[in-house]
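Fold and contact review
The chain contents come next:
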Amino acid sequence: MSAVPATQSAARRDTFWNSRVMRRFRRNRLAVFGFFLVCMFLLVALFAPLLAPPPPVGNNCLRDVGATTTAEALTPTHSGFWRLMFAAPASCYQIARINFTQVPSPPLKPIATEAGEVRPVFGTSNGYDVWYGIIWGTRTALKLAITVVFFQLLIGITLGAISGYFGGWVDNVIQRLIDVIFAFPSLILVIVITSLLGKSLNFIILAFVLVGWAGYARIVRGEVLKTRSLEFVDGARALGASDWRIIFRHVIPNSLTAITVIAVLDLGAIPLSAAALSFLGIGLPTGYTDWGQLISFARAWIQGTAENRLEYWYVAFYPALTIILFGLGWNLLGDALRDALDPRER
Amino acid sequence: MRKTLLAGALALAAGAAFAAVPNNTLVIMHGSDYPTLDPGQTYDTGSGELVENIYETLVTYKGKSVSELEGLLATSWNVSGDGRTYTFTLRKGVKFHSGNEFTCADAEYSLRRNLVTNNHDSGNWFIAESLLGTSANAADDPQAVTWAKISNAVKCNAQGQLVLTLPARDPAFLVKLAYTGQAIVDKKHAASIGEWDGTEATWKQWVGKDLTDSNLSKRPSGTGAYMLVRRDTATTVLRAFDGYWGGKPKIENVIVQTVAEQAARLEALKKGDADFVETGPRSVLSQLQGVPGVKIYDGIPNNVSSAIFMNQNIKDPAILGSGKLDGKGIPANFFSDVNVRKAFAYSFDYDRYIKEVQLGKGTKRTMLLPDMFFGYDPKVKTYTYDPKQAAAFFRKAFGGQLWQNGFVLRASYRANNVASQTAMEILKANVEKLNPKFKVELQAKPWSEFLKSSQEGKEAMILIGWAPDYADPDNFLYTFYHSKGYYNPRANFKDALLDKLLDQARQTIDPAKRKALYSQVGQRAYEQSYYILMPAGIGFLAYQDRVKGVEENYNIMASGITGNVWRLLSKAGL
Amino acid sequence: MTAFILRRLMALPLVLLALSLAIVGLMQTLSPAERAAAFVTNENQLRNLEAIIREKGLDQPFHVQYWNWLREVLQGNLGFSKASNKPVIDTIIERFPATVELTLFSLLPILGFGIWLGTRAGLNKDRFIDQFTRVFTVVTNNIPTFVLGIILLVIFYGLLGVAPGPGQLSPENQVNLIINPVPRVTGMLSIDALLAGNWPVFWDVLHHMFLPVITLSTVITAGMIKVMRSSLIEVLSQDYVRTARAKGLPERTVNLKHARRNALIPVATIGGFVVLGLLSGALFTETIFAWPGIGSWGAETATRFDVPGLLGFALLSGILTVLANLAVDIIYALIDPRVRFD
């Protein structure tokens with residue numbers, strides 16, 4: 001069975017594409033839009049160095065990938081290009097600083113710098129290049145969301161499975177722990193943890209993981225209890241299957257539906273919460289490529305001048321739009337998945 | 001039902017026109033809450049703004065001046081020949097809000113109370129330094145602070161005059177008394193609501209006491225022109241005091257509100273819902289200029305001195321990297337080479353900082369002393385941005401080794417402080433341009449950590465400022481340059497000449513001689529380039545133009561955003 | 001039922017104990033100096049950091065610090081909050097009613113508008129109103145509270161001038177309060193003004209509540225609409241609804257009497273979510289609109305590193321959440337006869 005005939009795999013693909021779930025998914029125009037948005041953000045993150053190339057002045061990204069000019073860093077034969085694509089140094093995650101003026105500069109307005117005239121696509125905010133911040137911020141958002149959800153799943157599934165499968169005092173301890181976590185609005189708990197630990201991406205990830213695994217654990221535990229009572233598990237056990245084998249072969253696949261939907265929704269929600277942390281001033285360090293930061297810069301510029309009340313619209317508009325679209329994409333996708341996988345909805 | 005509800009809600013939103021602030025009322029919006037209304041604890045501008053209107057000090061700054069004083073609760077005073085005894089004649093016919101008559105006993109009680117409590121968060125350390133010879137309270141230093149010393153230093157004589165006796169003369173003493181924290185409280189009232197009763201029997205219980213939430217803070221009674229009506233969570237309401245000795249002030253009510261969001265405060269100012277708001281940095285002016293009804297008073301002198309510190313003995317190995325001049329770190333004594341300090345001073349782009357961060361409204365200073373203070377010498381030389389000079393000094397440093405091997409310097413700035421972050425970024429960019437082997441890494445540190453580690457001498461390079469406690473050069477120059485100064489552990493140098501000059505100045509009463517000594521301090525500091533001096537941004541005040549009398553008496557030593565005591569203000573139509 | 005409530009209530013102290021242990025534990029990752037800095041408000045004060053550490057016992061080992069903290073808490077002393085410059089417990093007593101007030105008024109749009117639109121969408125599945133509702137909820141669900149708050153403030157207060165500014169009262173009513181004081185009964189200014197018969201103040205507070213209430217309720221209303229819609233759709237497909245229709249009952253009776261009442265049952269279960277959402281939303285809403293509740297205080301404790309305040313705020317939100325969940329369980333049991341307590 002190692003070599004699957006091509007026709008068979010094509011046929012399988014075809015069956016998948018025409019399966020009831022996929023048909024339902026495709027019919028939902030909002031879902032398709034959500035899917036499109038999510039894909040777009042993934043592509044933006046992947047090609048960030050090409051969309052917002054590291055500038056000659058403004059941060060030390062070029063220096064740290066060992067390139068002298070932007071063109072050199074974008075040449076695929078140069079090692080710096082591959083570093084930018086897959087292992088960009090920390091300095092690349094500093095928003096490029098065009099100048100040191102707090103007053104915003106509108107999109108595409110030329111600004112003289114030491115490296116010649118530049119025209120920031122989305123303008124500047126606190127002297128930072130908003131376009132650079134949004135593009136590289138996509139990487140930050142996805143990195144944050146994916147890392148957090150991955151660890152939440154890892155811990156949640158493991159503890160949930162253990163809790164449900166073994167029961168007894170192990171179950172009791174884990175459930176009480178979950179009770180404690182559930183006894184707090186998760187955002188408030190994250191705020192407490194990050195404000196005590198300090199500003200860094202790792203601490204923010206840690207806080208979200210600590211707070212968020214419990215939901216998954218509950219679902220997996222419930223599913224385990226349900227599955228355990230089913231006859232085929234007894235059958236499997238009678239046939240000599242180990243506990244772990246039963247967990248991996250039967251329990252986890254059964255709870256995957258519910259978990260996937262929540263995980264997808266979380267992927268969209270976590271960067272939003274992180275932005276809220278930045279708003280309160282306890283998020284990522286200043287200058288980090290992070291959307292919440294850009295929104296937080298915009299707080300002082302939401303009003304315009306006496307002549308034009310919308311003078312500085314762009315400062316808040318682009319970051320807010322980005323955040324809203326990002327959340328929208330994952331949310332639509334999550335909703336659609338739920339609808340598609342929910343056997344009750346027809 | 002729901003339709004009516006919705007309609008009702010809309011009607012609510014579109015409701016009556018929103019009248020601006022009434023004529024007899026002043027509305028001030030702060031960005032954050034103020035801690036206390038107890039003068040004995042007041043050590044921040046937020047509390048100070050209210051305290052200086054509820055209470056009064058013995059002396060105060062005259063008009064806009066920061067050097068001339070005039071009597072407030074004292075009508076006159078004389079100083080003994082040795083400069084150690086001050087006798088104050090007190091104003092007659094002054095009443096507290098409680099109705100009690102102001103007497104010498106109240107003044108005596110107030111100053112003794114400050115010496116007794118002298119809480120660590122309060123501003124009483126500098127008055128203790130003058131009156132007791134130590135900044136400590138009796139818990140920290142039981143030998144130096146005794147009841148005998150306190151009661152001898154502050155007492156009333158038979159004529160009802162207040163007599164203050166200093167262990168050594170202090171040219172800055174009188175101006176220290178102008179500080180809001182030394183305001184006179186109502187002894188009878190205070191004792192009756194459970195504050196210290198003023199006797200020797202109980203003084204020990206009050207040593208070091210935190211007065212932030214004291215009974216007196218909750219129920220203040222001063223001699224000032226305004227009395228507290230109520231203090232809610234985010235709103236404080238004050239009302240003109242009918243029995244004020246100087247006549248009832250023009251503005252009847254004052255409302256002080258806490259509004260954390262800057263955008264909301266600016267809107268309130270634009271709309272006329274507030275007369276004064278805490279505006280934020282100069283860049284917000286573009287949103288306020290030309291708004292009808294809003295007046296901008298620009299060109300307010302800055303009374304803060306800020307500098308980039310170059311620590312000559314860095315005590316944290318983590319900051320040093322390799323700890324050697326091998327291009328991977330710095331030695332602990334990196335900044336003890338004067339060439340390095342000068343090179344850095346030549347690397348900072350002062351003009352760009354003024355142009356981009358201060359929007360052209362900044363001035364370079366020659367000394368770490370506000371330019372309108374006594375003792376400031378504009379003729380002392382300054383550094384300018386000069387990459388050639390910088391490179392030349394870097395080549396000279398450490399016998400050329402530095403230029404050859406390069407370095408990695410880890411500098412810190414206070415997290416969320418955009419101005420100091422920007423200054424560091426400018427310095428970093430310019431230094432790194434000189435030589436590809438020069439690297440400056442910037443770290444944002446939370447305020448607490450930043451201050452603590454720098455106090456322990458662990459930071460290589462930081463930017464920090466000093467705001468005056470009282471208008472005297474000693475408060476600045478001793479702090480920065482003396483080897484026993486408060487900021488010395490952050491810079492770690494001992495310059496025998498500077499120590500000598502500063503000690504001498506402390507004992508010199510003759511203004512001309514004292515001034516000459518401070519000029520010498522400035523000159524020496526320039527030659528040795530101990531700090532990189534930050535340009536001082538010029539201040540501004542945006543307010544409703546219906547408020548009158550703001551600019552005539554605006555004094556930078558006043559605590560509040562109005563720069564005035566409120567009784568001097570009035571409103572159009574009053 | 002009583003036993004069930006008691007059992008749930010008994011779990012509360014355990015939950016709080018665990019949380020406080022975790023927070024005091026987290027604080028140990030900081031140096032004593034950093035913890036001491038919470039007690040300091042300006043740079044000049046830092047000359048006495050060492051003395052503050054000694055005074056507050058911040059250099060003691062973990063168990064001593066925790067024991068000290070616990071002993072104080074058991075005596076009703078939650079410490080001193082630097083963000084409010086008052087003892088934590090006083091701060092909570094003073095500020096909590098304002099948050100309750102805002103929250104109660106926010107329930108109007110959440111329950112009123114949320115259930116109404118959810119019902120409309122559910123009854124007209126896949127028609128225009130339903131499609132519109134889906135887009136509406138998905139968009140409102142995704143506007144962060146803080147972004148919405150500032151945008152509303154600028155549009156309705158700044159640009160159009162139809163809503164009042166930040167705070168609870170306009171200046172003339174602040175003055176009004178000096179002349180006609182409103183005694184503090186509930187602590188909620190609108191209710192107290194009503195009780196005292198001070199109409200101008202009452203209307204003024206309502207005015208001032210308009211934008212904060214919209215800001216606070218939008219995200220939660222979106223959730224409410226979604227739940228109501230899907231719950232109704234499910235009920236409508238049940239046999240008894242079909243039977244009712246088959247019996248020839250008027251559509252309106254079927255919808256209102258049978259379907260909607262049953263559809264409301266699952267809606268009750270999101271009561272906990274509503275309380276949670278209101279509590280976290282209050283952090284941002286109150287900060288933006290200068291509403292003097294516990295939310296704006298909570299946000300400030302976090303940014304100002306006010307550890308006792310932060311701890312007090314977290315404990316309070318814990319208690320509220322547990323109580324809210326308990327209330328939801330009880331309500332759920334009362335309206336759904338299938339649930340039994342055991």
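Numbering of residues begins from 1 in every chain and follows the order in which that chain's sequence is written. The lettering of chains begins at A and the numbering of ligands begins at 1, in the order of writing. The predicted origin of the model limits local features to residues at a pLDDT of at least 70 and limits the giving and counting of side-chain atom pairs to 80 or more, whereas totals for whole chains, interfaces and linings rest on all residues. Excluded from the side-chain calculation are hydrogens and water; included are all heavy atoms of the structure.

**Some points on the overall build of chain C**
Under the convention used in this document: Here a strand is any run of E in DSSP of at least two residues, a helix any run of H or I of at least four, and the numbering for each starts at the N terminus. For each residue, the accessible area found with a 1.4 Å probe, counting protein chains only, is set against the maximum for its type, and the residue is called buried under 20%, exposed over 50%, and partly exposed in between. What makes two residues a contact is simply this: any of their non-hydrogen atoms within 4.5 Å. Working definition of accessibility: Shrake-Rupley area with a 1.4 Å probe, residue cover restricted to the visible protein chains.
In terms of helices and strands, chain C carries 15 helices and two strands. Across the 342 residues that make up chain C, the buried fraction comes to 57%. Long-range pairs, those at least 24 residues apart, make up 72% of the contacts in chain C between residues at least 6 apart in sequence. Per element, the accessible surface of chain C, about 14,200 Å² overall, is 66% carbon and sulfur.

**Focus: the overall build of chain B**
Applied cut-off: Here the globule rule reads 2.2 Å times residues to the power 0.38, and the radius of gyration is calculated from C-alpha atoms. Note on charges: Lys and Arg go in the positive column, Asp and Glu in the negative column, and His and the chain ends are not counted at all. Just so you know, the charge point we use is NZ for Lys, CZ for Arg, CG for Asp and CD for Glu.
Of the regular secondary structure elements, chain B holds 21 helices and 22 strands. For 574 residues, the compact-globule estimate of 2.2 N^0.38 gives 25 Å, and the C-alpha radius of gyration of chain B, at 26 Å, lies within 12% of that figure. With the principal axes as the frame, chain B shows a C-alpha extent of 75 × 75 × 40 Å. Per-residue burial over chain B gives 61% buried out of 574 residues. A fraction of 69% describes how many contacts in chain B between residues 6 or more apart in sequence connect residues 24 or more apart. Carbon and sulfur atoms provide 51% of the accessible area of chain B, an area that totals close to 20,300 Å². Averaging the coordinates of the 67 positive side-chain charges in chain B and doing the same for the 58 negative ones gives two points 3 Å apart.

**Some thoughts on the interface of chain A and chain C**
Rules: Buried area, as used here, totals the accessible surface that two parts lose on assembly, with accessibility defined by a 1.4 Å probe and the loss added over both. Think of a salt bridge as a Lys or Arg side-chain nitrogen and an Asp or Glu carboxyl oxygen that are within 4 Å of each other. Three classes are used: nonpolar for Ala, Val, Leu, Ile, Met, Phe, Trp, Tyr, Cys and Pro, charged for Asp, Glu, Lys and Arg, and polar for all others, with Gly counted as polar.
Contact with chain A, which involves 40 residues of that partner, is made by 46 residues of chain C. In total, about 3,700 Å² of surface goes out of reach between chain A and chain C, with carbon and sulfur atoms giving 77% of it. The tally of links between chain A and chain C comes to one salt bridge. Measuring nitrogen to oxygen at the nearest pair gives 3.7 Å for the salt bridge that ties Asp335 of chain A to Lys226 of chain C. Secondary-structure elements contributing two or more residues to the side of chain A that touches chain C are helix 9 (168-182), helix 10 (186-197), helix 13 (243-280) and helix 15 (313-341) of chain A. Its residues assigned to classes, the side of chain A that touches chain C shows 27 nonpolar, six polar and seven charged.

**Some points on the nonpolar core**
Keep this limit in mind: To qualify as a nonpolar core, a set must consist of buried Ala, Val, Leu, Ile, Met, Phe, Trp, Tyr and Cys residues joined through side-chain atoms within 4.5 Å.
If you look at the biggest cluster of nonpolar residues, it comprises 161 residues, and the most contacted ones within it are Trp136 of chain A together with Phe146 of chain C. The element contributing the most residues to this core is helix 13 of chain A, with 16 residues.

**Quick notes on the domain arrangement of chain B**
Residues and elements named next belong to chain B. Keep this limit in mind: These domain limits were set by an automatic method or by a database of domain assignments.
Here chain B is partitioned into domain 1 (34-232) and domain 2 (305-537). Look at where the C-alpha atoms of domain 1 and domain 2 centre, and you get two points 36 Å apart. Between domain 1 and domain 2, the contact holds 13 residues from the first and 13 residues from the second. With both chains or domains summed, domain 1 and domain 2 bury close to 1,100 Å², and 61% of this area falls on carbon and sulfur atoms. In terms of surface lost to domain 2, no three residues of domain 1 exceed Val66, Arg169 and Pro171, which account for 47% of the buried area on that side. Scanning the region where domain 1 abuts domain 2 turns up zero salt bridges. Those elements that place two or more of their residues in the side of domain 1 that touches domain 2 are helix 4 (125-132) and helix 6 (173-177). Here the side of domain 1 that touches domain 2 is built from residues that sort into nine nonpolar, no polar and four charged.

**Section: the packing of aromatic side chains**
Keep this limit in mind: Note on aromatic pairs: the rings of Phe, Tyr and Trp (six-membered ring only in Trp) are paired at centre separations within 6.5 Å, and the planes decide the class, stacked below 30 degrees, edge-to-face beyond 60, tilted for the rest. When the NZ atom of lysine or the CZ atom of arginine is within 6 Å of a ring's centre and also within 35 degrees of its normal, the charge is said to sit over that ring.
For the structure on display, the rule yields 71 aromatic pairs over all chains. Centre to centre, the rings of Trp82 of chain A and Phe86 of chain A are 6.3 Å apart; their planes meet at 10 degrees, and the pair counts as stacked. A residue pair is termed a helical-turn pair when its members lie 3 or 4 positions apart in one helix, as Trp82 of chain A and Phe86 of chain A do in helix 7 (residues 79-86) at four residues. Among the residues examined, Phe86 of chain A registers a relative accessible area of 59% and is labelled exposed. Aromatic ring contacts, followed pair by pair, group Phe309, Trp466, Phe480, Tyr481, Tyr486, Tyr487, Phe493, Tyr530 and Tyr531 of chain B into a single cluster. Above the face of the Tyr128 of chain A ring, Arg97 of chain A is positioned so that its terminal group lies 4.3 Å from the ring centre. Stacked on the ring of Trp206 of chain B, the Lys or Arg Lys209 of chain B has its end atom at 5.1 Å from the ring centre.

**Focus on the sheet that holds strand 17 (residues 461-466) of chain B**
Residue and element names in this part refer to chain B. Under the convention used in this document: Whether two strands pair depends on DSSP finding at least two bridges between them. For helices, the axis comes from a line fit to the C-alpha atoms of the stretch in contact; other axes are also lines fit to C-alpha atoms, and the angle between any two N-to-C directions lies between 0 and 180 degrees.
Overall, antiparallel pairing links the three strands, which are arranged 17-13-18 in an open sheet. In this open sheet, the two edge strands, each paired with only one partner strand, are strand 17 and strand 18 (531-533). The mean angle between the axes of side-by-side strands here comes to 30 degrees, regardless of whether they run parallel or antiparallel. Relative to strand 17, strand 13 (residues 305-310) runs antiparallel, the two sharing six bridges. From the neighbouring strand, Ile308 faces strand 17, where its bridge partner is Leu463. Against the sheet, helix 18 (residues 473-481) makes contact with strand 13, strand 17 and strand 18, and its axis sits at roughly 160 degrees relative to strand 17, the strand it touches most.

**Structural notes on helix 7 (residues 145-159) of chain C**
Residue and element names in this part refer to chain C. Our working rule: An expected span of 1.5 Å times one less than the residue number is assigned to each helix.
Helix length check: helix 7 (15 residues) gives 20 Å between terminal C-alpha atoms against 21 Å at 1.5 Å per residue, within 8%. Counting buried residues along helix 7, 11 of its 15 residues qualify, which places the element largely inside the surrounding structure. Among all positions in helix 7, only Thr145, Phe146, Val147, Leu148, Gly149, Ile150, Leu152, Leu153, Val154, Tyr157 and Gly158 are buried. Remark: Gly161 follows helix 7 within two positions and exhibits a positive phi of approximately 70 degrees.

**Re the sheet that holds strand 7 (residues 162-165) of chain B**
All names here are of chain B. The four strands are arranged 4-5-7-6 in an open sheet whose pairing can be described as antiparallel. The strands lining the two open edges of the sheet, one partner per strand, are strand 4 (74-79) and strand 6 (154-156). Put simply, the sheet's adjacent strands are angled 20 degrees from each other on average, direction ignored. Pairing of strand 6 with strand 7 involves three bridges; the strand directions are antiparallel.

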